[in-house]
Structure formats: C-alpha cells, structure tokens
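In case you want the letters, here they are:
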Amino acid sequence: MKTWQCVVCGFIYDEAKGMPEDGIKAGTRWEDIPADWSCPDCGVAKADFEMVEMAA
Amino acid sequence: MEPVVIVGSGLAGYTLARELRKLDSVTPLTILSRDDASFYSKPMLSNALASGKSAAQIASVSAQQMAAQLGANIIADIEVEAIDTASRTLRAGGAAIRYSKLVLALGADPIELPLEGDGASEVMRVNDLAAYARFRAAIEGKKTVALLGAGLIGCEFANDLATAGYSVRVVDLAPRPLGRLLPEAAAQRVQLALAAIGVVWHLGTTARAVSRTASGLRVELADGTAFAADAVLSAIGLRPRTQLAQCAGLKVQRGIVTDRLLQTSATDVYALGDCAEVDGQSLPYVLPLMQAARALAKTLAGTATPVVYPAMPVVVKTPAMPVVVCPPPAFPGSWKLQQEAGGIEARFEDQNGKLLGFALVGAATARKQALTKVAPPLIG
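Residues numbered from 1 in each chain as written. Chains lettered and ligands numbered in written order. Predicted model: local features only at pLDDT ≥ 70, side-chain atom pairs only at ≥ 80, totals over all residues. Heavy atoms only, no water.

Asks: Would you explain unusual backbone geometry in this entry?
Replies: A negative phi angle is the norm for most residues apart from glycine, just as the trans form is the norm for most peptide bonds. Residues and elements named next belong to chain B. In this structure, Ala-37 is a non-glycine residue whose phi angle is positive, near 65°. In this structure, Ala-37 sits in the loop between β2 (29–32) and β3 (39–40). Owing to a relative accessible area of 0%, Ala-37 belongs among the buried residues under this scheme. Of note in this structure, Asp-77 is not a glycine but carries a positive phi near 55°. When you line up the elements, Asp-77 lands in the loop between β5 (73–75) and β6 (80–84). With relative accessibility at 59%, the residue Asp-77 sits in the exposed group. (Helix = DSSP H or I, 4+ residues; strand = E, 2+ residues; numbered from the N terminus. Buried < 20%, exposed > 50% of the residue type's maximum accessible area, 1.4 Å probe, protein only.)

See below:
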C-alpha cells in the first residue's frame, strides 16, 4: 500500500485507508481509482493530478 | 496573431494555461511572472515542515519544464508596469508586449499590521515560495516563532511549526482562532487541540511593537504582555493586488471586478484567482480558482462560459484538529451544533432548516463529501 500526495494542494491519498465516504474502499490502489475522479480538496482531475508517491 | 497573455504564474495562471491548452493547442500563449515562474503548491507552504519538505522541494516544476508542457512562452522575473487597454499593449520590463486577450492572475499581498519598534521591519510575511524560503532560512536552528494572526494560514503555520518542535505563540485580536470561519464551540476545539501540542495563544489582543534584542526579537502586545521570539511571521490576511488594474482604468472594488465570464470592465481583459472579485465575491481559495480557470479556458477558446461556484469546502490543514468549512453565504441563519467525542458537526441553517453552509471539526470532517452534496451553490 502506498501514500500519494496531490502536487497542487497537498491532499494525501492513503491507499490503505481509501476514502470510504467518497465511495472508494480502503485498500484501493491509485491506479484503480476511476479516471473521472477528482481531488476532493482542489478539484483537479485525476488525469491532471500528478500524484507524487510519498516516501514511506 | 497576438498572444493570449497571462500575467502571473501562480496556481491561477498555470491552471488556466493548462485548461486552455486542453481546448486550444495553437493560439500563442505568453505567461509573465514576477518570480522565477516555477510551479509549486501554495497550500503546501503552511504544512511543509512537518512533512519534511524544504522550499526547494516544494518547487516541483521549473519554468522551462512548464514552458515545454504548455507550449507557452514564459518570461520570468518581469514586472508588468502598465496596461494600455486601448492599444492592447502591456509595458513590462521596459518593453511593449501586445496581447489579443489579457488575463490578470496577479494574486494578493499579505496585509501589513502597523507596528512600532526597530524590529518591525524584521516581521516576515509568506505568500509565495521565495518568501517561504526566506522564512525557513530565518527559523533554521532557532526555537521560538511568534505568529500574528489566528486565521486559516496562521493556524496552519502554528500547527506545522509546533509539530516540527518550535515553541509557537499566536496573537490575534479575535477571541478565538478561525473566529471568522467557525462557530464558537468549534473554534474552541481547534484552540484546545493546538494548545495541547504546545501553541500558546494570546487572543483578544494585538501586537503593538517588535524590537530588536541581543538574542533576537521582542514582541510587545497591546495588553502589556511581552515575550522573546527568534522570528515573527505575520498572517493576518490578504489584499487582492489591484493597483495595476486600477491604473489601467479597470473597475476595482475589493478585488478586480469581473462578471461571471471573468471579464473585467475592459474588453478582452480578464481576471481570476486571488486578485479577482468575481460577481461580487473575493474568495482566495483553491476550489473557486479551479472553477474560474475551467470556465475562462472555455471562454478564451471561443465558447463563452459563465463560471459556476458549487458549494466549495475549505480544508484547514491543522492535523491536531482537522477542520473543513463551507462558509455560508451572507444570508440570515444560525449555527446548529452536534457535538461528539472526536469532533463537531455545525450546520448553518436558515429559519426553515435549509442548509446554507457547514463547519466540520475533528472526526466529523469525514462527512465533508456528504454535506457538500447538499449545500447550495454560491454562484449557481
């Protein structure tokens, strides 16, 4: 499981936790998140959303 | 063909450029920046310490890389001195630059508190990456930081600095942190949580003077309290940068006035982001800027598209007590609070019980998406 951070706003997506309140189950890998998903904090679309992998 | 010229390379300018390029890859695009034009995440500035990032690490993409990605001519380190809307010409760095359409994405300036004392000029303000780098250099190896302002940015910095081991004092005239955003009980949770990680609050008073001492700075408050600090950071608010627009004869109120097409009072001159007052609203947050950039990109590409502001929650990055707030519009109403062990859900409702806005603190922030879906749009 990895942790990802939005380069625009700093939002952190933790694969282990997912975002159950947003319909993304715990354990969902970044590549399995739908393409039409957007960052919940800044609204950047997944396609633009250069997620950077954070150091473990 | 004269280029579309964007003045400003912050999140507003670069997001617009990126959105425009999705729709139009051929129109020449010029971006002018008063700094080095690297792309960075401004929201990260106030939580970089705890995440172990230096100022240089926050600058994720250089101007050259951005120019290549966007197919744009990016000119760094240039000040725009004047705009002549009649001849569609800018004067910048002593040269004339013609535009077909001009977009002002100028940002905002931190408001300066009038202070007495020979240390007043040492007070730092951070609203861009270069200023942040100077702040980091100033606190390197130091221990105590005084923050002026307990709003969103002040609270985020307080949390970040305290987590990184600094001794932090926060001064604000308001009786509670985040006082303009949160109802009393919710603000109190934030106050207590930050106090628990070591933040010392000086609320209901203001800084009067900052003076130099042999070992650093001394801050004196209006209530007579005084304390030593290695650095003082002021975060009392932002003022839209409007002077350039005003001198060009554009209509200016709090920000550069635009309609819902982001058009200013001058033809083919647009404004967005922190410098703009869109349909009467000046909202210096990321989500409004994204909405504006997407709408304006369509308009510039030939399809006039009024901006829509849905309910846009603002996330306050205070890990000690996370906060999400969707500020209610200026309608009559009242806060209804639901207190729970790990947090507070506060709903701002009108007299008929209709949700107008909300504030979530602590564990209740998990309900952000659910409440955002039912909150009304700001500009529908």
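Asks: Help me understand the domain arrangement of chain B, please; the structure alone is not making it clear to me.
Replies: It is common to give the size of an interface as the accessible area that goes away when the parts come together. Residue and element names in this part refer to chain B. As assigned here, chain B comprises domain 1 (4–108 + 238–300), domain 2 (112–234) and domain 3 (322–374). For domain 2 versus domain 3, the distance between C-alpha centres works out to 28 Å. Between domain 2 and domain 3, the residue contacts involve 8 residues of the former and 14 residues of the latter. Across the domain 2/domain 3 interface, buried area totals approximately 790 Å², and carbon plus sulfur atoms make up 78% of it. By the criterion of area lost to domain 3, the three top residues of domain 2 are Leu-181, Pro-183 and Arg-189, representing 61% of everything that side buries. Where domain 2 meets domain 3, there are 0 salt bridges. Between domain 2 and domain 3 we count 3 residue pairs in polar contact (both at pLDDT 80 or more) in total. Its residues assigned to classes, the side of domain 2 that touches domain 3 shows 7 nonpolar, no polar and 1 charged. (Domains from an automatic or database assignment. Contact = heavy atoms within 4.5 Å. Buried area = accessible area lost by both parts, 1.4 Å probe. Salt bridge = Lys/Arg side-chain N within 4 Å of Asp/Glu carboxyl O. Polar contact = N/O pair within 3.5 Å; in protein donor to acceptor, adjacent residues only side chain to side chain. Nonpolar A, V, L, I, M, F, W, Y, C, P; charged D, E, K, R; others polar.)

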